[in-house]
Amino acid sequence: MRRRRSPLLDYAVYLGVRLIVGVAQALSIEQAYSFARLLAAILYRVDKRHRKVGMENLEIAFGDRYTEAQRDQIVRGVYLHFAMMLMEILQIPRKLHPTTWRNRITLVGQEKVQVLDRLLNGGPVIMLTGHYGNWEMAGYLFGVFGFPPNSVARALDNPYLDRFLKSFRERTGQKMIPKTGGYDEMLEVLRSGKMLSFLADQDAGQNGMFVDFFGRPASTHKAIALLAIEHHAPVVVGYARRVGPGFRYEVGCEVVIDPDELTGTADDARLITQRFTSALETIIRRDPSQYLWLHRRWKHQPKKRTGRKVAEVPNASDNRESGESGGTSMT
């Protein structure tokens, strides 16, 4: 049974967060990074549960490629990256404007022209990324470019914090769609020829579609592929990777998957899901320390065969809900 939340406690947490945000925003980016290093060191020490998850995930993904000491160093880097990312998010409204974004962002990828043409000419587009680099900045940046995405995300449990985060995300026109109960809104976005974005690297539970991710089956949400097929929407897999020094990022398009180029068979949903999952893996391998290894990506595994009966993965058409995490779009 879900425990009832305390509105008073939620509001007190919200006030505490607003205080921290106010202090962080008063700092220069260099001072904010110094605070991030301190914060990362503290979190690494006290957050034993997620630190252990990160070590286990790296062993699953890379086997004996890294020693235990090297895996530990990557996990330390994960904490540092996300502490820095948090500081950057607080600075983004002052740093990214139509006339200044080039000082901090470099656009790469041969497919970027193809994506731009699609956005200019109209027609539905599905943007995907994972919990890699600075996905929050990417969603904000598309709004700066004049192509605000419609991003699917899980609402925060604390309603005060949820409204605060939503106000930041929507500052440049990005619209947030709730993961639960937002299916009709997603359909309307695609029918209107607009951009719909997801974080596509969360465990989808036992009823998800299992595809290969770092050599192991990973339960993945199949609704993305089904929406792409139904609405003839190309799936663009992108990223925002820190390249430094400081607040400098490479924003790129890894691959564009056009469902109209597939065979039109029942296997298309699996092919699309595997292709965007493999693209995310390629992105992550470039710098594993910028990926959120602290969540259980392989939490669920395919059911084993028992006797003559085979436990099958449910039909892709069974899922009408998109299930991404609490992050946002490309973002």
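Check the entry above for the structure.
How each quantity is defined
Residues numbered from 1 in each chain as written. Predicted model: local features only at pLDDT ≥ 70, side-chain atom pairs only at ≥ 80, totals over all residues. Heavy atoms only, no water. Salt bridge = Lys/Arg side-chain N within 4 Å of Asp/Glu carboxyl O. Helix = DSSP H or I, 4+ residues; strand = E, 2+ residues; numbered from the N terminus. Buried < 20%, exposed > 50% of the residue type's maximum accessible area, 1.4 Å probe, protein only. Patch = residues over 30% accessible without salt bridge, like charges linked within 9 Å, V, L, I, M, F, W, Y side chains within 5 Å. Areas by Shrake-Rupley, 256 points an atom, 1.4 Å probe, with all protein chains shown as cover. Pairing = 2+ DSSP bridges. Axes fitted to C-alpha atoms, helices over the stretch in contact; angles between N-to-C directions. Contact = heavy atoms within 4.5 Å. 1 Å grid on protein atoms, 1.4 Å probe; cavity = no way out; pocket = protein on both sides within 12 Å on 5 of 7 lines; lining within 4 Å. Points joined across faces, edges and corners; volume = space filled by probe spheres on them. Nonpolar A, V, L, I, M, F, W, Y, C, P; charged D, E, K, R; others polar. Phe/Tyr/Trp six-rings, centres within 6.5 Å; stacked < 30°, edge-to-face > 60°. Lys NZ or Arg CZ within 6 Å of the ring centre and 35° of its normal. Core = buried A, V, L, I, M, F, W, Y, C linked by side-chain atoms within 4.5 Å.

**Student:** Describe the pattern of salt bridges, and please don't skip the residues or the numbers.
**Tutor:** For the structure on display, the rule yields 10 salt bridges. As a salt-bridge pair, Arg 169 and Glu 136 come within 2.6 Å of each other at their nearest N and O atoms. A residue pair is termed long-range when its members are at least 10 positions apart, and Arg 169 in helix α7 (residues 159–169) and Glu 136 in helix α6 (residues 135–145) qualify at 33 residues. In terms of burial, Arg 169 and Glu 136 fall into one category: buried. Across the pair Glu 254 and Arg 286 runs a salt bridge, and its minimum N-O distance is 2.8 Å. With Glu 254 in strand β9 (residues 249–257) and Arg 286 in helix α10 (residues 268–286), the pair connects residues that are 32 residues apart, well separated along the chain. In this structure Arg 286 comes out as partly exposed when scored by relative accessible area, which is 39%.

**Student:** Give a description of a nonpolar patch on the surface that names residues and reports values.
**Tutor:** Residues Ile 20, Phe 35, Leu 38, Ile 42, Leu 43 and Val 46 make up a contiguous nonpolar surface patch of about 540 Å² in total accessible area. For the nonpolar patch, the leading source of residues is helix α2 (residues 29–46), giving five residues. Mapped onto the elements, Ile 20 comes out in helix α1 (residues 7–26).

**Student:** Kindly report on the sheet that holds β9, identifying the contributing residues and their values.
**Tutor:** Spatial strand order, β1-β9-β8-β2-β5-β3-β4: seven strands in an open sheet with mixed pairing. Every interior strand has two partners, whereas the edge strands, β1 (105–108) and β4 (175–178), have only one. Along the sheet, successive strands turn relative to each other by an average axial angle of 25°, direction set aside. Packing against the sheet, helix α9 (residues 223–231) makes contact with β2 (125–129), β5 (195–199) and β8 (235–242), and its axis sits at approximately 160° to β2.

**Student:** A description of the layout of surface pockets should follow, citing residues and the corresponding values.
**Tutor:** By volume, the largest pocket amounts to about 1,500 Å³. Lining the largest pocket are 41 residues, with Phe 82, Met 85, Leu 86, Ile 89 and Leu 165 positioned closest to its centre. Contributions of two or more residues to the lining of the largest pocket are made by α1, α2, α4 (68–95), α6 and α7. A per-element tally of the lining of the largest pocket places α4 first, with 10 residues. The class makeup of the residues in the lining of the largest pocket is 24 nonpolar, 10 polar and seven charged.

**Student:** Go over the packing of aromatic side chains with me, naming the residues and quoting the values.
**Tutor:** Following the criterion strictly, the structure yields 17 aromatic pairs and no others. With centroids separated by 5.1 Å and ring planes inclined at 70°, the aromatic side chains of Tyr 11 and Tyr 160 adopt a geometry described as edge-to-face. With a gap of 149 residues between them, Tyr 11 in helix α1 and Tyr 160 in helix α7 connect regions that are remote in the sequence. Residue Tyr 160 is classed as partly exposed on the basis of its relative accessible area of 24%. Here the aromatic residues Phe 62, Tyr 66, Phe 213, Phe 214, Tyr 291, Trp 293 and Trp 298 are joined through ring pairs into a cluster of three or more. The cationic tip of Arg 51 hangs over the ring face of Tyr 44; the distance from NZ or CZ to the ring centre is 4.9 Å. Over the aromatic face of Phe 213 sits the side chain of Arg 297, whose NZ or CZ is 5.5 Å from the ring centroid.

**Student:** Describe the nonpolar core, and please don't skip the residues or the numbers.
**Tutor:** In this structure, Ile 126, Met 137, Leu 196, Phe 198 and Trp 293 are the most contacted members of the largest nonpolar core, which totals 80 residues. Here the element with the most residues in this core is α4; it accounts for 12 residues. Not counting residues within four places of it along the chain, the set of residues in contact with Ile 126 comprises Leu 190, Leu 196, Phe 198, Ile 224, Leu 227, Ala 228, Ala 233, Pro 234, Val 235 and Val 236.

**Student:** Run through α9, naming residues and quoting values.
**Tutor:** Looking at α9, one finds that the buried residues are Ala 223, Ile 224, Ala 225, Leu 227, Ala 228 and His 231. For α9, the secondary structure elements touched by its buried residues are β2, α8 (183–191), β5, β8 and α10. Of the residues trailing α9, His 232 is marked for its positive phi of about 55°.

**Student:** Which residues make up the pairing of β4, and what are the values?
**Tutor:** The pairing of strand β3 (residues 150–153) with β4 spans four bridges and is classified as parallel. Among the inter-strand pairings, Ser 151 is bridged to a residue of β4, identified as Met 176.

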